[in-house]
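Descriptive structure summary
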Amino acid sequence: MSSSSSSLARAVGVVAMACRYPGADSPDALWRLLKEGKNAFVEVDPDRFKPAVELWERDEEREEQQEEGRGRRGEGGNKRKHAEKQRGTKKHPLVDGREPEAKRVNAAVLEDADAYDADYFDVTDGEMGRMDPHHRLALEVACQAFHNAGYDKAALAGQRVGVFVAMSNKEWSNVCPPPGGAPAAIMNSTSSVAAHAAHRISQFFNLRGPSIVVDSGCASSLAAVDMAVQSLKAGRCSSALVVGVHLLLDANNVNVWEDCGLLSTRGAGRFFGNDSDGFALGEGAGAVVLENVADAARHRQKVLVKVGASVVGYGGSPFEAHREEMDAARTALMVEAREEAGLVEPK
């Protein structure tokens, strides 16, 4: 067997995909959008960044109703709190002189990022209000990916299936409604922890493999794939789910990027193009299910694409004095990947 054939025999295969992107809620829909040359970028309404404030106000109203109910039952009631709310002196911290008015920018955004079937996922109403939307979206595309792979929830239970979620956005902790009492405070702290984006998936499906959130900035999804591939090759999991998820939640960040001139004036990125003038904002989630190619063959799974090799590395110092060293490091990384995949003979 040649080096190339041997490497491909040890390769990892993608056996299923799922996604939720602006204008495309499936891989087929995404392909059609690209094929037809459609643009999913729109001017974002600044009001889109206010659901957290409105949610907090609804929580306050519900708590006041509960307090009033306890008062009528002779258990006392916090009338001062209600009076403060009536006078308008008690406000969400983001509204009380510090809430940013989001600038109008072009972005590719999901229309229903806040939609969620809480009953299906056994999430209580109280937790639902404080749960990071990234967690909800990751769990939804995970379900779709497993479904597309033909995996049954009951059959997955107890299996060493790895979950690797790429998520570099921690904005929810900035805009999440403030806690209203001890139970809500606990719920607040646990519902916005980044690690739970992976743990919720593992818990829902009762999985026993690695459950990890990966944050390496813009390379998070690629780094998550690498971790999944290495775990599969090392036998640490029988199959692996990789999810990448990103949402725009905090108007502060949007304003900073705009003020610093980082955003494209055309509202659309032109990667590697000479006429590129900045990056464009976008939301969405994508997921892939991975198996060793040999295992996929035994399970009669169709392999959509093979990952012959994956390597990760950092380029070192970004300063101009080290530019040649950075270029050399990147070249060495690509050569290493090609050698591991059997595309070139190792030196």
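Residues numbered from 1 in each chain as written. Predicted model: local features only at pLDDT ≥ 70, side-chain atom pairs only at ≥ 80, totals over all residues. Heavy atoms only, no water.

Examining the overall build of the protein chain
Scanning the protein chain from N- to C-terminus turns up 14 helices and nine strands. Evaluated residue by residue, the protein chain yields a buried proportion of 40% over its 347 residues. The contacts of the protein chain with a sequence gap of at least 6 include a subset with a gap of at least 24, amounting to 78%. As displayed, the protein chain has an accessible area near 19,200 Å², and 52% of this comes from carbon and sulfur atoms. (Helix = DSSP H or I, 4+ residues; strand = E, 2+ residues; numbered from the N terminus. Buried < 20%, exposed > 50% of the residue type's maximum accessible area, 1.4 Å probe, protein only. Contact = heavy atoms within 4.5 Å. Areas by Shrake-Rupley, 256 points an atom, 1.4 Å probe, with all protein chains shown as cover.)

Here we look at the sheet that holds strand S4 (residues 161-166)
Strand order in the open sheet formed by six strands is S5-S4-S6-S8-S1-S9, with mixed pairing between adjacent strands. Of all the strands in the sheet, the pair left with one neighbour each is strand S5 (211-214) and strand S9 (305-307). Put simply, the sheet's adjacent strands are angled 25° from each other on average, direction ignored. (Pairing = 2+ DSSP bridges. Axes fitted to C-alpha atoms, helices over the stretch in contact; angles between N-to-C directions.)

Description of the confidence of the model for the protein chain
Confidence in the prediction for the protein chain averages 79 pLDDT; 76% of positions are at 70 or higher. Across the protein chain, element-level confidence peaks in S4 with a mean pLDDT of 98 and bottoms out in helix H4 (residues 79-87) with 37. This model gives residues 73-98 a pLDDT under 50, and the stretch forms 35 contacts once residues within four places in sequence are excluded. (pLDDT = per-residue confidence, 0-100.)

Things to note about the pattern of salt bridges
Tallied over the full model, the rule gives six salt bridges. In this structure, Glu140 engages Arg20 in a salt bridge whose closest nitrogen and oxygen atoms are separated by 2.8 Å. Separated by 120 residues along the polypeptide, Glu140 in helix H6 (residues 133-148) and Arg20 in strand S1 (residues 12-20) bring together distant segments of the chain. Note on accessibility: Glu140 and Arg20 belong to one class, buried. Notably, a salt bridge pairs Glu36 with Lys38, separated by 3.1 Å at the nearest N-O pair. (Salt bridge = Lys/Arg side-chain N within 4 Å of Asp/Glu carboxyl O.)

Comments concerning the environment of Leu137
Within the secondary structure, Leu137 is located in helix H6. Not counting the four nearest positions on each side in its chain, Leu137 is found in contact with Arg20, Leu110, Val245, Leu247, Gly284 and Ala285.

Examining helix H10 (residues 196-205)
Here H10 lies mainly inside the structure; seven of its 10 residues are buried. Buried within H10 we find Ala197, Ala198, Arg200, Ile201, Ser202, Phe204 and Phe205. Count one or two residues on from H10 and you reach Asn206, which has phi positive near 55°.

A few points about the layout of surface pockets
Computed from the structure, the largest pocket encloses a volume of approximately 1,600 Å³. Tyr21, His246, Gly282, Glu283 and Gly284 are the residues nearest the centre of the largest pocket, which is lined by 48 residues in total. Of all elements in the fold, only S1, helix H2 (27-35), helix H11 (220-233), strand S6 (239-246), helix H12 (251-259), strand S7 (281-282) and strand S8 (284-292) reach the threshold of two or more residues within the lining of the largest pocket. Of the residues that constitute the lining of the largest pocket, the class distribution is 30 nonpolar, 14 polar and four charged. (1 Å grid on protein atoms, 1.4 Å probe; cavity = no way out; pocket = protein on both sides within 12 Å on 5 of 7 lines; lining within 4 Å. Points joined across faces, edges and corners; volume = space filled by probe spheres on them. Nonpolar A, V, L, I, M, F, W, Y, C, P; charged D, E, K, R; others polar.)

Quick look at the packing of aromatic side chains
Counted under the stated rule, the structure contains seven aromatic pairs. When the ring of Phe146 is compared with that of Phe205, the centres are 4.9 Å apart and the planes differ by 75°; the resulting orientation is edge-to-face. Taken as a pair, Phe146 in helix H6 and Phe205 in helix H10 lie far apart in primary sequence, 59 residues in all. Residue Phe146 shares its accessibility class with Phe205, and that shared class is buried. Considering the side-chain rings of Phe204 and Phe205, the 5.0 Å spacing of their centres and the 90° angle between planes classify their relative orientation as edge-to-face. Ring-pair connections join several aromatic residues into one group, and the members of that group are Tyr120, Phe121, Phe146, Tyr151, Phe204 and Phe205. For Lys153, the ring lying beneath its charged end belongs to Phe204, and the centroid distance is 3.6 Å. (Phe/Tyr/Trp six-rings, centres within 6.5 Å; stacked < 30°, edge-to-face > 60°. Lys NZ or Arg CZ within 6 Å of the ring centre and 35° of its normal.)

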